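Structural features, examined
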Amino acid sequence: MFKLSNKEMMKFRELQESVAIQFRDEKKLIQAFTHSSYVNEHQGDPSLSNERLEFLGDAVLELTVSKYLYELYPEMLEGQLTKIRAAIVCEPSLVKFAVHLLFGEYILLGRGEERMGGRTRPALLADVFEAFIGALYMDQGLEAVVAFLEKVVFPEVNKGVFSKIMDYKSLLQEEIQRDSHGQLAYRIILEDGPPHDRIFESSVLLNGEEVGKGRGKTKKEAEQMAAAKALEQLQKN
């Protein structure tokens with residue numbers, strides 16, 4: 001690994017404080033923030049850049065996000081889960097997480113990349129976020145990654161930030177109007193659980209006949225899941 005100055009080492013200790021994670025092997029953390037331009041400039045082994053950790057982090061992120069969505073949306077179909085996962089792990093989303101954590105300040109860059117504004121380049125920031133996930137997995141395992149995502153990523157999922165990309169109610173309405181099938185109506189048929197953790201179940205009716213049911217943590221989410229089920233049924237028919 002490269003010999004860093006005291007100032008650079010202090011920054012990485014500050015980073016660990018800011019994310020409330022103490023790495024057992026700081027070299028893993030440093031490698032996660034080492035860009036290939038820095039390695040090239042210091043004539044180091046290419047494997048010392050963050051690219052291998054980025055490769056690993058990408059897989060770990062997909063696994064942990066997939067498991068979380070699987071448990072969060074028990075009624076959701078595979079295709080729908082895939083679309084939400086894609087929205088979470090895509091470059092724009094990863095950049096937002098990296099910016100929120102100020103990851104750009106800690107990247108080790110070559111002078112040329114620094115001059116070209118690499119510290120704020122979206123692709124570079126997304127790669128660093130994935131590399132950080134890979135480094136954390138290697139250093140402390142899957143549970144530590146999940147604990148980190150529970151603070152940074154999963155709260156955004158719970159707010160519905162990513163599920164908003166799919167408006168099943170609008171899609172269902174368009175489908176019905178296109179084929180002149182009649183009138184849609186939604187009703188909440190079940191409310192369960194304590195006030196801080198409610199579960200709602202909704203049904204969607206087409207001309208008074210139930211064509212789909214869905215569950216969610218809010219009434220709107222339950223209606224969306226019911227619309228998704230109705231769409232699936234219509235497509236089968």
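Residues numbered from 1 in each chain as written. Predicted model: local features only at pLDDT ≥ 70, side-chain atom pairs only at ≥ 80, totals over all residues. Heavy atoms only, no water.

As a further point, take the overall build of the protein. Summing up its helical and strand segments, the protein has 12 helices and three strands in all. On C-alpha atoms alone, the protein measures out to a radius of gyration of 23 Å, which is more than a quarter above the 18 Å that the 2.2 N^0.38 rule sets for 237 residues. For the C-alpha atoms alone, the extent of the protein along its principal axes is close to 70 × 40 × 25 Å. By residue count, 44% of the 237 residues in the protein fall in the buried class. Restricting the contact set of the protein to residue pairs at least 6 apart, pairs at least 24 apart contribute 56%. Carbon together with sulfur atoms contributes 50% to the accessible area of the protein, which is approximately 13,200 Å² in total. Averaging the coordinates of the 30 positive side-chain charges in the protein and doing the same for the 37 negative ones gives two points 3 Å apart. (Helix = DSSP H or I, 4+ residues; strand = E, 2+ residues; numbered from the N terminus. Rg over C-alpha atoms; globule rule 2.2 N^0.38 Å. Buried < 20%, exposed > 50% of the residue type's maximum accessible area, 1.4 Å probe, protein only. Contact = heavy atoms within 4.5 Å. Areas by Shrake-Rupley, 256 points an atom, 1.4 Å probe, with all protein chains shown as cover. Lys, Arg positive; Asp, Glu negative; His and termini not counted. Charge placed at Lys NZ, Arg CZ, Asp CG, Glu CD.)

In this structure the tally under the stated criterion is 11 aromatic pairs. Between phenylalanine 103 and phenylalanine 129, the ring centres sit 6.3 Å apart and the planes meet at 35°, which makes this aromatic pair tilted. Linking phenylalanine 103 in the loop between helix H6 (91–100) and helix H7 (111–115) with phenylalanine 129 in helix H8 (residues 122–140), this pair joins segments that are 26 residues apart in sequence. Of the two residues, phenylalanine 103 and phenylalanine 129, neither departs from the other in class, the shared state being buried. Measuring from ring centre to ring centre gives 5.2 Å for phenylalanine 103 and phenylalanine 132, while their planes differ by 50°; the resulting arrangement is tilted. Within this pair, whereas phenylalanine 103 is found in the loop between H6 and H7, its partner phenylalanine 132 is found in helix H8, the two being separated by 29 residues in sequence. Neither residue differs from the other here; phenylalanine 103 and phenylalanine 132 are each classed as buried. Each residue in the set Phe12, Phe23, Phe33, Phe97, Phe103, Tyr106, Phe129, Phe132 and Phe148 is aromatic and connected to the rest through ring pairs, giving one cluster. (Phe/Tyr/Trp six-rings, centres within 6.5 Å; stacked < 30°, edge-to-face > 60°.)

Across the protein, the average pLDDT comes to 89, with 96% of residues at or above 70. Confidence scores differ between elements of the protein, with helix H11 (residues 168–179) showing the lowest mean pLDDT of 82 and helix H9 (residues 142–152) the highest of 97. (pLDDT = per-residue confidence, 0-100.)

Moving on to a nonpolar patch on the surface. On the surface, a cluster of nonpolar side chains totalling about 360 Å² of accessible area is made up of Leu63, Tyr137, Met138 and Leu142. Structurally, tyrosine 137 can be placed in helix H8. (Patch = residues over 30% accessible without salt bridge, like charges linked within 9 Å, V, L, I, M, F, W, Y side chains within 5 Å. Salt bridge = Lys/Arg side-chain N within 4 Å of Asp/Glu carboxyl O.)

Here the focus is the nonpolar core. Phe33, Phe103, Phe129, Phe132 and Phe148 are the most contacted members of the largest nonpolar core, which has 67 residues in total. Considering every element that reaches this core, the biggest residue donor is H8, with 10 residues. (Core = buried A, V, L, I, M, F, W, Y, C linked by side-chain atoms within 4.5 Å.)

Turning to the sheet that holds strand E2 (residues 199–206), a few remarks are in order. Read across the sheet, three strands follow the order E1-E2-E3 without closing on themselves; strand pairing throughout is antiparallel. In this open sheet, the two edge strands, each paired with only one partner strand, are strand E1 (184–192) and strand E3 (209–216). Pairs of neighbouring strands in the sheet enclose a mean axial angle of 20°, with direction left out of account. Direction of pairing for E1 relative to E2: antiparallel, over a ladder of eight bridges. (Pairing = 2+ DSSP bridges. Axes fitted to C-alpha atoms, helices over the stretch in contact; angles between N-to-C directions.)

In this section: helix H1 (residues 6–19). Between the first and last C-alpha of H1 there are 20 Å, a value that for 14 residues agrees with the 20 Å anticipated at 1.5 Å per step. Regarding H1, the residues found buried are Met9, Phe12, Leu15, Gln16 and Val19. The arc enclosing the buried residues of H1, seen along the axis, measures out at 110°, which places them on a common side. When the buried face of H1 is taken as reference, the exposed residues oriented beyond 90 degrees from it are Asn6, Lys7 and Glu17. Among the structural elements, helix H2 (26–32), H8 and H9 are those in contact with the buried residues of H1. Positive phi shows up at alanine 20, right after H1, with a value of about 55°. (Expected span 1.5 Å × (residues − 1). Arc of directions from axis to C-beta.)

The subject of this paragraph is unusual backbone geometry. Most peptide bonds adopt trans geometry, and most residues besides glycine take a negative phi value. For alanine 20, which is not glycine, the phi torsion reads 55° and is therefore positive. Following the sequence through the fold, alanine 20 ends up in the loop between H1 and H2. By relative accessible area, alanine 20 is classed as exposed at 61%.

The pairing of E2 with E3 spans seven bridges and is antiparallel. Across the sheet, leucine 205 pairs through a bridge with glutamate 210, a residue of E3. Adjacent in sequence and paired antiparallel, E2 and E3 are bridged by two residues, among which asparagine 207 carries a positive phi angle near 55°.

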